[in-house]
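# Architecture and fold: a report
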Amino acid sequence: MKILANDGVSQSGIDALEKAGFEVLTTTVAQEQLINFINENEIVGLLVRSATKVRTDVIDNCSSLKLIGRGGVGMDNIDVAYAKEKGLHVINTPAASSESVAELVFAHLYGGVRFLYDANRNMPLDGDSKFKDLKKAYAKGTELRGKTLGVIGFGRIGQSTAKIALGVGMKVIYSDPYMDAASVSIPFFDGQSISFNFKSISKEALLKEADFVTVHVPAQKEYVIGKTEIALMKDGAGIVNAARGGVIDEVALVEALDSKKLSFAGLDVFESEPTPEIKILMNPNISLTPHIGAATGEAQNRIGLELANQIISLLK
């Protein structure tokens, strides 16, 4: 049985699948050629990340296909309900990349409060001629310790982000309409752990109280953070989106940054991905990464193994 990992899969996942008797193809097939390739090679399992779309045309026209796997959390690039109606298995790896995404959130947060997003742009240009000027420009940093982090969406990634925040010494508040209360346990290197109990508050209350906001929700039809929500935030607050493009109104975000309502933003995802707007890319107050939240070796190994184990369980 052949598995097509169209957006790639870790070697650990390939090894596990091959040991179980599957043949794994890692050819990257263009979207318009995907149906023909699946049919010609009698692919039974299609593995994707965020690049490949698995819509009704693929589902309807690929009779050999038995399983669709998403290496990651969000499955907005797959017509999940329709695939299940047609009898296909649809799987993902909701827990495998949580820590990696959470660490990237904090990379953006630390970069924001110490102006690294701007310093890294200007030091190569002016570091040798305007060193003292740059030193003065970036001399008013702030600490994360003691500040309040507001987490919108308190699933696995939101909770992993909260764990880091607690370790840093931040106060954590969260808003999640599907989770009234949550307990977060932080394990340490020596086997000790400590638990914290939380209760959800309204999004409005969170926005008013938080010094920094991080968003961890699935793709939405409407903005989670728009002009109205930004108006509720503290003056000088920062915001990070490593969830999905389109959950933050980027026009309202740029306006808030330009007016100094917000001090900085960190974006790993974009409304018009994979071609982010120039106004976003060129804004001096935005820390930018190209949708790499889960792009660590550790996360990809966990994703590959988790996908492989599910495939073996479902198809063997």
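This text gives an overview of the structure that appears in the document. (Residues numbered from 1 in each chain as written. Predicted model: local features only at pLDDT ≥ 70, side-chain atom pairs only at ≥ 80, totals over all residues. Heavy atoms only, no water.)

### Here's the deal with the pairing of strand β7 (residues 171-175)
- Of all five residues making up β7, four are buried, and the element is well covered by its neighbours.
- Bridge analysis of strand β6 (residues 148-152) against β7 gives five bridges, and the strand direction is parallel. When the sheet's bridge partners are listed, glycine 150 is paired in β7 with isoleucine 173.
- The β-α-β motif built from β6, the intervening helix α8 (residues 156-168) and the parallel element β7 has right-handed crossover chirality. (Buried < 20%, exposed > 50% of the residue type's maximum accessible area, 1.4 Å probe, protein only. Helix = DSSP H or I, 4+ residues; strand = E, 2+ residues; numbered from the N terminus. Pairing = 2+ DSSP bridges. Right-handed = clockwise from strand over helix to strand, strands pointing away.)

### Structural notes on the sheet that holds strand β10 (residues 212-215)
- Strand order in this open sheet of six strands is β7-β6-β10-β11-β12-β13, and the pairing throughout is parallel. One side of each edge strand has no neighbouring strand; the edge strands of this open sheet are β7 and β13 (286-288). The average angle at which neighbouring strand axes cross in this sheet is 15°, direction not considered.
- Those strands touched by helix α5 (residues 98-113) are β6, β10, β11 (237-241), β12 (262-267) and β13, and its axis lies near 150° from that of β12. (Axes fitted to C-alpha atoms, helices over the stretch in contact; angles between N-to-C directions. Contact = heavy atoms within 4.5 Å.)

### Considering the pairing of strand β9 (residues 193-199)
- In the sheet, strand β8 (residues 181-187) pairs with β9 via seven bridges, with the strands oriented antiparallel. Among the inter-strand pairings, serine 183 is bridged to a residue of β9, identified as asparagine 197.

### A few points about the environment of aspartate 15
- Note on placement: aspartate 15 falls in helix α1 (residues 11-19).
- Using a relative accessible area of 40% as the deciding quantity, one classes aspartate 15 as partly exposed.
- As a C-alpha pair, aspartate 15 and valine 105 span 90 residues in sequence and 31 Å in three-dimensional space.

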